[in-house]
Each structure stands twice: as structure tokens, then as C-alpha cells.
Amino acid sequence: MRKGRHFLHTITNAFKKSKMEPSHRYSYNPTLKWNSEVEEYFINAYGAEHFARISQALTRPSCYTCIRVNTQKATSDAVIQKLLTILHETKQECTSVSKCDLPGLDYVVFVNGSGPHSIEYGYNEDKSPKEILVSRKCAEAVMRGAQVYVPGVLACSAHVEEGDVVAVSVATEQPNADGGWGIGITRGTVLQGSEADPYHTQRHGLYIGKGVSMLSRAGMFRASNGIAVDMNDRVFKLPSFNELLEGEIFLQNLPSIITAHALDPQPGERILDMCAAPGGKTTAIAILMKDEGEIIAVDRSHNKVLDIVKRAAEMGLRCITTYKLDALKAVRQQRDPDELETLINTNAEKGSPNANSAIISGEDLSDNGMILPEVAACNNQLNNGKYCSKADIRKNNRRMKNGTGRNHVSGGRVEKCQGFFPNSFDRVLLDAPCSALGLRPRLFAAELTMESLRQHAKYQRKMFNQAVQLVRPGGVLVYSTCTINPGENEALVRYALDTYKFLSLAPQHPRVGGPGLVGRCVMSDGYIDEWLRSGEEDLVQRFDPSSSLDTIGFFIAKFDVGPKI
Ligand SMILES: C[S@@+](CC[C@H](N)C(=O)[O-])C[C@H]1O[C@@H](n2cnc3c(N)ncnc32)[C@H](O)[C@@H]1O
């Protein structure tokens, strides 16, 4: 059983014991299934033993809850007191609550849980307990502390009544007859008990706890929402604080918090968060900037942009401006100076000179071609005084200091923006969409093929090509992913350094993750993945889910941007 964050040795022992034990306690011991080519690639990258450890770690949640305190609204000490009260009142087990002891990170609080616990489900030679089978997504949420909700229930024993104690297990994909994968169970299937149930043996190692059924079997398949099972004995006991202390705390993985520090944002700067939703890193950056300056947070998904707006409002952060934008089209072409002058003169004649700085920075025009009335933040062109009055500059400086923030949302509608001119930002964060092969827990990975991993890498390079243009010379670009795939991590860094000679890897503070992978990989189809060169490995941070830090798998690279010649 694991407790806290420093228990690698204990985990290894628990793995050895995990089988159906003679006492009929079922231990949690799933095997993560991989596509064979992907598995071969990862074994090549990590070595077989290390990859096996990573693979096992991915099937488990981190054994602690990581909480970022919104220092604009609360202190860590006050939050710790409130958390202890909540834990006491809600009778949640936890082993300790403590502040992170890394320099500058004492606003991060860890609440330690424990697991995996082996549980007595009541199976014996002639008796099976009542059982509920849930979907993989549902089980992954339950392991992070959620209840079992009705839509997640796939199958159930006959005669389950409200109030019955039920064992909860998860259906994972198995090989099917046509060479693909399927769970082989249709919603509403009656589970037959250990002897008669053809799927029973597949569920060894896949029990995630037990609880009290809140509905009868019929009710469970009739209802469309609500709690199906109130979990009271879990394989992983992780404290849950969902929707508590709203605005004061934010549940966030440690590597994500470290990413905001690696960017090293300074009050008063102009920052672009290119793939920002739901706004975890955006709000972390805003707090590091003491809410002074401007963060432009964009995402291509309309609803997700609304999530950023909601989160920023909850946290009382005013320096965040949101837009819906496809990061692949984030760079706007420079305007012809004559065209620009004409536009500026037209605005002055129309009595809307404020629109000028927005025109200049490139974030002015919504889809209907209207010029937004507010002043946009400054960029190089604005600062060089060529196109704007001193009044504009003074006004802009005031705005940068006060961080008025604008969220282009009215009546649930999110404003689009047409991108930004090159060199518009002091710092850019590209927290790229990725294969997410670092997220935990994960119970199935075989849907990811080498082809799909390569598609992710291609997409990320295209985004990087945009990001690199938007940072001003002398600025900083941070690239991060939540995947263990070197093709999306070290190979991206290699591409970046080889393509843009004005980029160099920069040291990161704090340094918590391990080194990156050095070398290359030649695949059997001739595909070559080039990773880091010797000397570069300690300039990136790679978070290994099987390490004693017990984080998600994550990768951070920080680039200094030199003169672009
Ligand atoms: C890894 S998540 C970002 C998480 C976020 N940075 C945080 O810390 O909360 C990747 C995000 O990229 C967005 N995304 C994917 N493709 C995009 C594109 N072409 N342009 C902008 N955003 C995109 C997705 O909608 C998703 O919200």
C-alpha cells in the first residue's frame, strides 16, 4: 500500500503480491494494454524494465491531492486549516496535509492519500457478492475520488436493490474476433456471478472498491443521471475537495504548477497562453504576475474559453483576456504600413482613436469585421511610437499596470480574434494538445498507434511554428505536454533547435523533474526520431510517473529567443 509521495519501494512490493489472493481479497492489479509497435518504441526509449514500471504507474492515480492556493485571496496556512476541518467534517481519511517544501512553492499544499488497498469483496467458493461493472472512464474518475454515476454503469448483478452492498469493477477492452478491441458487454447485461459469468476472470485485478447501491438494478438502467453507487471502501483513498473553497484553491498537478514557474512571468509583461483551456496554467501565471500585466488566453474551443473566463472570475483575476482562436492561425500577417495609416486615420475621423492600438496589435477584428472599442495591449509597434500618440502609450501603460483584463464574452458568446502580429509577446506558453499518455490513472492505451502519435507530433510542430513567431527577440517560449512520448517531447525540442537557430534551451527554476532522453530511435519502417544531444538533457524537465515524486507524466522545455535574423 502507498502512503504519501515517497513510497516507491512499497509500491514494488505491492505489485509482486497483486493476484487473486487465497483469502479471496481482490487486489487491484490491472495490466495496461499497448499497441505492439508503440510498446516496442517505448521499450526502445526507456528499456523494458523501466517501461514496465511506467506502465504500471499509469494504471494508478497519484496518491495525493495537489492544491494550488490562490494567494490573491488566501494564505496556505488558512487553507490548510480549512482543509483539515473539511476532512474532519466529511470523515475523509488522509495521512497528512503539508505545504510543498520547494523554494517559492509554499503556496502549494499536498493532501496525502493511500493505496492500493486490497479489499474483501465477499467472494468465496460458493458465493459471489452483488456486483456493478462500470466503464473505464467512470472507473478512472472513481479512482480519483468520484462516486459512480448512473451513465457509467454498464452491467449489474440480478436482484440488486437500493441499499445493497456492491463490489465495483471496471470493464476494460479485450481483443475481439476481428482483431480489434472491445469491452464485449452491452449496457444492461446481467452479471452472473463468478462461476457462470464468462467475463469474470477478465475482471481479476480490476476491482476498484465497494459501496452502497443508491438504486435498484431496474432504476439504474432507467435513470439518466444521479449517483448509482455511494463508494465507501476504495482501492485508492484520496481526499476529495471538488467544488469546495471555490476561488481560494485550485486542484492542479505539480508539473503544471512548475510549468508556470518555468515561464517566469513578470508583473507588467504581455503573455500569450496559446492552448489555455480550462485555464489552470493561465491562472497560475496570473498569480505569479500578481495580476499585473496582460495574459491573452486563447483556445480553439468556444465552451472551453468560457471555462477560462469562469475560472478567472472565481479567482478574482483581472489581467486575463480570453479569445477563441485556432493556435494554428495565431500569427497574423503584418499590415502594409499604408493600409495601416489609412485605417488609423479613418478611426481618428470616426472619433474612435482607441481602436488604433487594437488594430496595431492585431486582436481587433471580430468575425463581423467590427472594431472592438477597447484598447488592446501594447506590442513592439505600439511601443516604438510610430503609429500612436503619446496619449495612447500613456493609456496603455496605465492599463498594463492595472491589468484591467477583458473577456470577450457577452451573453455566452465568445469573441473570436484574428491572431497577433509577430513579436507581440514577452513570453508565450504552448501547453500543447498531446497524446496525454502521462495522465493517471489510465486503464487502456492500445487505441494509440504509432501513426496517431506521429500525427500529434506533426500538429505540435505546426503550433510551435506559430508560437516561435509571436515571441519578441529577448523573450521566452515554454513548451509543455502531459505525455511520456519522446516523439512529442524531446523530438519537438530537437526540431525546434535545428529549425530556429535563434532559439536556445534555457535553464528552468525550480528544477524538479528528471533529465530528458538523449539519442535517437530508428523504427522498423525507417522512421527516425531524433531526441536530445548530450548536454541538453538537464535543460528540460521530464516528470516520470514511476518516480518517487508520483506525478503525472509531463515534459517542459524552456527556450530563450535570440535576435531573429
Ligand atoms: C493540454 S490542454 C491545455 C490545458 C491548459 N493549458 C491548462 O493548463 O489548463 C490543450 C488545449 O488545447 C486546445 N487546442 C487543441 N487544438 C487547438 C488549436 N488548434 N488552437 C487552440 N487550442 C487548441 C484544446 O481545446 C485544449 O483545451
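As the structure is a prediction and not an experimental result, all values here were calculated from the model. (Residues numbered from 1 in each chain as written. Predicted model: local features only at pLDDT ≥ 70, side-chain atom pairs only at ≥ 80, totals over all residues.)

Enquirer: When you look at the overall build of the protein in this model, what are you seeing that I'm missing?
Expert: Across its full length, the protein holds 15 helices and 29 strands. Here the protein, with 565 residues, has 45% of them falling under the buried criterion. For the protein, the share of sequence-separated contacts (at least 6 apart) that also reach a separation of at least 24 residues comes to 76%. (Helix = DSSP H or I, 4+ residues; strand = E, 2+ residues; numbered from the N terminus. Buried ≥ 20, exposed ≤ 12 C-beta atoms within 10 Å, placed from the backbone. Contact = placed C-beta atoms within 7 Å.)

Enquirer: When you look at helix 15 (residues 490-499) in this model, what are you seeing that I'm missing?
Expert: Side chains three or four residues apart in an α-helix point the same way, a direct result of the helix having 3.6 residues per turn. Within helix 15, burial applies to Glu 490, Ala 491, Leu 492, Val 493 and Ala 496. Tucked into the core, helix 15 has its buried residues touching helix 14 (450-470), strand 24 (471-481), strand 25 (503-505), strand 27 (528-530), strand 28 (540-543) and strand 29 (554-561).

Enquirer: Honestly, the UniProt feature "active site" (unreviewed entry) in the protein in this entry has me stumped. Any pointers?
Expert: UniProt's feature table lists "active site" (unreviewed entry) at Cys 482, given in the numbering used throughout. Structurally, the position occupied by Cys 482 is in the loop between strand 24 and helix 15. Setting aside residues up to four positions removed in sequence, Cys 482 forms contacts with Cys 434, Ala 436, Gly 438, Leu 439, Ile 552, Gly 553 and Phe 554. (UniProt positions renumbered as here; feature names shortened; annotations may be inferred.)

Enquirer: Explain the site of the ligand here, please?
Expert: Lining the immediate environment of the ligand, one finds 17 residues, of which Cys 275, Gly 280, Arg 300, Ala 327 and Asp 431 sit closest. The class makeup of the residues in the shell around the ligand is seven nonpolar, four polar and six charged. (Near = placed C-beta within 6 Å. Nonpolar A, V, L, I, M, F, W, Y, C, P; charged D, E, K, R; others polar.)

Enquirer: Help me understand the nonpolar core in this model?
Expert: Grouped together as the largest cluster of nonpolar side chains are 137 residues, with contacts concentrated most on Met 274, Leu 430 and Leu 477. Here the element with the most residues in this core is helix 14; it accounts for seven residues. For Met 274, the contacting residues outside a window of four places in its chain are Val 298, Ala 327, Ala 330, Val 428, Leu 429, Leu 430, Met 463 and Ala 467. (Core = buried A, V, L, I, M, F, W, Y, C linked by C-beta atoms within 7 Å.)

Enquirer: What should I look at first to understand unusual backbone geometry in this one?
Expert: In most cases, non-glycine residues show a negative phi, while peptide bonds are predominantly trans. The amide bond that connects Gly 115 to the next residue, Pro 116, takes the cis arrangement and shows omega of 0°. For Pro 116, the location among the structural elements is in the loop between strand 6 (114-115) and strand 7 (119-120). Cis peptide bonds are those with omega within 30 degrees of zero, and the linkage from Ala 277 to Pro 278 qualifies with 5°. Inspection of the secondary structure puts Pro 278 in the loop between strand 18 (270-273) and helix 8 (280-288). One non-glycine residue, Asp 264, lies in the positive phi region at around 55°. In this fold, Asp 264 is placed in the loop between helix 7 (254-263) and strand 18. The class for Asp 264 is partly exposed, based on 16 C-beta atoms found within 10 Å.

Enquirer: Is there a simple way to explain the domain arrangement of the protein in this structure?
Expert: Interfaces are often sized by the accessible area lost when the parts come together. Along its sequence, the protein is carved into domain 1 (2-115), domain 2 (119-234) and domain 3 (275-329 + 332-421). In this complex, domain 1 contributes 11 residues to the contact, which on the side of domain 2 involves 14 residues. Along the lines of polarity and charge, the residues of the side of domain 1 that touches domain 2 split into five nonpolar, four polar and two charged. (Domains from an automatic or database assignment.)

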